[in-house]
Amino acid sequence: ITREEWRGAGPTGGDYERRWVGRQTAVIDAQMISKCTEDNDMGKITALNFHFSFLEKISGLDKCAPHLRSLDLSSNNIRVMEGLGGMAKLKELKLYSCQLTKIEGLEECAALVALHLEDNQLTTLEGLSHLRTLEFLSLDKNRITQLGKSVSKLTKLR
(Lines give C-alpha, C1' and ligand atoms only; values in the text may rest on other atoms or scores of the structure.)
Protein backbone atom coordinates (compact mmCIF):
# COMPACT_ATOMS: atom_id res chain seq x y z
CA ILE A 1 0.00 0.00 0.00
CA THR A 2 1.33 3.41 -0.87
CA ARG A 3 0.88 6.53 1.22
CA GLU A 4 -1.13 8.02 -1.68
CA GLU A 5 -3.58 5.11 -1.59
CA TRP A 6 -3.94 5.49 2.17
CA ARG A 7 -4.51 9.26 1.99
CA GLY A 8 -6.73 9.00 -1.10
CA ALA A 9 -10.02 8.30 0.65
CA GLY A 10 -12.61 11.02 0.34
CA PRO A 11 -16.28 11.78 0.85
CA THR A 12 -18.65 9.19 -0.50
CA GLY A 13 -22.34 9.68 0.10
CA GLY A 14 -21.69 11.93 3.11
CA ASP A 15 -19.40 9.44 4.82
CA TYR A 16 -15.66 8.79 4.63
CA GLU A 17 -14.18 5.59 3.29
CA ARG A 18 -11.36 3.72 4.94
CA ARG A 19 -8.04 5.47 4.54
CA TRP A 20 -6.25 2.38 3.34
CA VAL A 21 -6.75 -0.04 0.49
CA GLY A 22 -6.55 -3.81 0.64
CA ARG A 23 -5.99 -4.21 4.38
CA GLN A 24 -8.22 -5.74 7.00
CA THR A 25 -9.27 -3.59 9.94
CA ALA A 26 -7.23 -4.43 13.04
CA VAL A 27 -8.48 -4.69 16.62
CA ILE A 28 -6.38 -3.97 19.69
CA ASP A 29 -5.83 -7.24 21.53
CA ALA A 30 -3.14 -8.73 23.79
CA GLN A 31 -0.98 -9.78 20.82
CA MET A 32 -1.11 -6.30 19.25
CA ILE A 33 -0.38 -4.66 22.60
CA SER A 34 2.67 -6.89 23.02
CA LYS A 35 3.88 -6.05 19.51
CA CYS A 36 3.30 -2.28 19.93
CA THR A 37 4.76 -1.84 23.41
CA GLU A 38 7.58 0.72 23.35
CA ASP A 39 8.32 1.08 27.03
CA ASN A 40 7.44 -0.47 30.38
CA ASP A 41 8.19 0.09 34.02
CA MET A 42 8.63 -3.07 36.08
CA GLY A 43 6.43 -5.02 33.69
CA LYS A 44 3.71 -2.37 33.47
CA ILE A 45 3.25 -0.94 29.98
CA THR A 46 3.89 2.82 29.89
CA ALA A 47 4.14 3.50 26.14
CA LEU A 48 2.24 2.06 23.18
CA ASN A 49 2.69 2.89 19.51
CA PHE A 50 -0.19 1.87 17.22
CA HIS A 51 0.85 4.27 14.42
CA PHE A 52 -0.59 3.10 11.06
CA SER A 53 -2.02 -0.11 12.52
CA PHE A 54 -5.30 -0.13 10.54
CA LEU A 55 -7.43 0.66 13.59
CA GLU A 56 -10.95 2.05 13.38
CA LYS A 57 -11.69 2.05 17.10
CA ILE A 58 -9.85 2.68 20.37
CA SER A 59 -10.58 -0.30 22.61
CA GLY A 60 -8.91 -3.10 24.54
CA LEU A 61 -6.63 -0.85 26.57
CA ASP A 62 -8.32 -1.30 29.97
CA LYS A 63 -5.57 -3.44 31.54
CA CYS A 64 -2.70 -1.12 30.62
CA ALA A 65 -4.63 2.18 30.90
CA PRO A 66 -3.66 2.98 34.53
CA HIS A 67 0.07 2.96 33.72
CA LEU A 68 0.17 4.46 30.22
CA ARG A 69 2.17 7.66 29.85
CA SER A 70 2.43 7.77 26.05
CA LEU A 71 -0.09 6.52 23.47
CA ASP A 72 0.32 6.87 19.71
CA LEU A 73 -2.82 6.11 17.68
CA SER A 74 -1.88 8.30 14.74
CA SER A 75 -2.47 7.53 11.06
CA ASN A 76 -5.43 5.27 11.65
CA ASN A 77 -9.08 5.41 10.62
CA ILE A 78 -10.34 6.42 14.07
CA ARG A 79 -13.39 8.69 13.88
CA VAL A 80 -14.40 8.86 17.55
CA MET A 81 -12.24 9.58 20.60
CA GLU A 82 -13.37 6.79 22.93
CA GLY A 83 -11.80 4.01 24.98
CA LEU A 84 -9.46 6.37 26.81
CA GLY A 85 -10.93 5.83 30.28
CA GLY A 86 -8.66 5.17 33.24
CA MET A 87 -5.63 6.85 31.69
CA ALA A 88 -4.90 9.17 34.60
CA LYS A 89 -1.11 9.08 34.04
CA LEU A 90 -1.20 9.66 30.28
CA LYS A 91 1.14 12.55 29.38
CA GLU A 92 1.19 12.38 25.57
CA LEU A 93 -1.58 11.36 23.18
CA LYS A 94 -1.07 11.25 19.42
CA LEU A 95 -4.20 11.12 17.29
CA TYR A 96 -2.96 12.94 14.21
CA SER A 97 -3.98 11.86 10.71
CA CYS A 98 -7.13 10.09 11.83
CA GLN A 99 -10.63 11.19 10.88
CA LEU A 100 -11.72 12.88 14.08
CA THR A 101 -14.49 15.47 13.86
CA LYS A 102 -14.87 16.22 17.57
CA ILE A 103 -12.62 16.41 20.64
CA GLU A 104 -14.20 14.25 23.33
CA GLY A 105 -13.55 11.41 25.75
CA LEU A 106 -10.54 12.98 27.46
CA GLU A 107 -12.15 13.48 30.87
CA GLU A 108 -9.98 10.81 32.53
CA CYS A 109 -6.79 12.03 30.84
CA ALA A 110 -6.31 15.02 33.11
CA ALA A 111 -2.50 14.63 33.25
CA LEU A 112 -2.06 15.22 29.50
CA VAL A 113 0.83 17.54 28.69
CA ALA A 114 0.91 17.04 24.89
CA LEU A 115 -2.01 16.41 22.54
CA HIS A 116 -1.42 15.90 18.81
CA LEU A 117 -4.58 16.31 16.73
CA GLU A 118 -3.19 17.64 13.46
CA ASP A 119 -4.56 16.51 10.09
CA ASN A 120 -8.08 15.62 11.20
CA GLN A 121 -11.50 17.09 10.41
CA LEU A 122 -11.95 19.24 13.51
CA THR A 123 -13.93 22.47 13.16
CA THR A 124 -14.61 23.39 16.80
CA LEU A 125 -12.15 23.59 19.66
CA GLU A 126 -14.09 22.19 22.62
CA GLY A 127 -13.73 19.34 25.09
CA LEU A 128 -10.42 20.50 26.56
CA SER A 129 -11.40 22.45 29.69
CA HIS A 130 -10.36 19.72 32.17
CA LEU A 131 -6.85 19.39 30.66
CA ARG A 132 -5.28 21.90 33.07
CA THR A 133 -1.74 20.50 32.61
CA LEU A 134 -1.81 20.70 28.79
CA GLU A 135 1.27 22.55 27.50
CA PHE A 136 1.32 21.49 23.84
CA LEU A 137 -1.67 21.28 21.48
CA SER A 138 -1.15 20.73 17.76
CA LEU A 139 -4.11 21.38 15.47
CA ASP A 140 -2.41 21.97 12.10
CA LYS A 141 -4.32 20.85 8.99
CA ASN A 142 -7.76 21.10 10.60
CA ARG A 143 -10.50 23.56 9.73
CA ILE A 144 -11.08 25.21 13.08
CA THR A 145 -13.78 27.84 12.67
CA GLN A 146 -14.91 28.15 16.28
CA LEU A 147 -12.99 28.38 19.54
CA GLY A 148 -14.90 27.00 22.49
CA LYS A 149 -14.89 28.48 25.97
CA SER A 150 -12.54 25.76 27.19
CA VAL A 151 -9.51 27.28 25.45
CA SER A 152 -9.27 30.13 27.96
CA LYS A 153 -8.90 27.57 30.79
CA LEU A 154 -5.72 26.10 29.24
CA THR A 155 -3.35 28.42 31.06
CA LYS A 156 -0.22 26.27 30.58
CA LEU A 157 -0.40 26.16 26.78
CA ARG A 158 2.71 27.52 25.09
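To be clear, the structure that these remarks concern was listed above.
Definitions and limits used
- Residues numbered from 1 in each chain as written.
- Predicted model: local features only at pLDDT ≥ 70, side-chain atom pairs only at ≥ 80, totals over all residues.
- Heavy atoms only, no water.
- Helix = DSSP H or I, 4+ residues; strand = E, 2+ residues; numbered from the N terminus.
- Buried < 20%, exposed > 50% of the residue type's maximum accessible area, 1.4 Å probe, protein only.
- Polar contact = N/O pair within 3.5 Å; in protein donor to acceptor, adjacent residues only side chain to side chain.
- Pairing = 2+ DSSP bridges.
- Salt bridge = Lys/Arg side-chain N within 4 Å of Asp/Glu carboxyl O.

Caption draft 1: Region of interest: the side chain of S97. Of note, S97 is situated in the loop between strand 6 (92-94) and strand 7 (114-116). Given a relative accessible area of 7%, S97 falls into the buried group. Polar contacts involving the side chain of S97 include one to the side chain of D119, which spans 2.9 Å.

Caption draft 2: Layout of the pairing of strand 4 (residues 44-49). Relative to strand 4, strand 3 (residues 37-41) is paired through four bridges, and the arrangement is antiparallel. Each residue of the ladder has a partner; that of T37, found in strand 4, is L48. Following strand 3, the chain reverses through two residues before pairing antiparallel with strand 4; M42 in that reversal takes a positive phi of roughly 55°. Relative to strand 5 (residues 70-72), strand 4 runs parallel, the two sharing three bridges. Bridge assignment links L48 to a residue of strand 5, and that residue is L71.

Caption draft 3: Looking closely at the pattern of salt bridges. All told, the structure shown has two salt bridges when counted by the stated rule. Among the salt bridges present, the one from D41 reaches R69, with a minimum N-O distance of 3.8 Å. Taken together, the residues span a long stretch of sequence, with D41 in strand 3 and R69 in the loop between strand 4 and strand 5 at a distance of 28 residues. Ionic pairing is found between E135 and R158, a salt bridge with its closest N-O pair at 2.5 Å. Linking E135 in the loop between strand 8 (124-125) and strand 9 (136-138) with R158 in the segment after strand 10 (146-147), this pair joins segments that are 23 residues apart in sequence.

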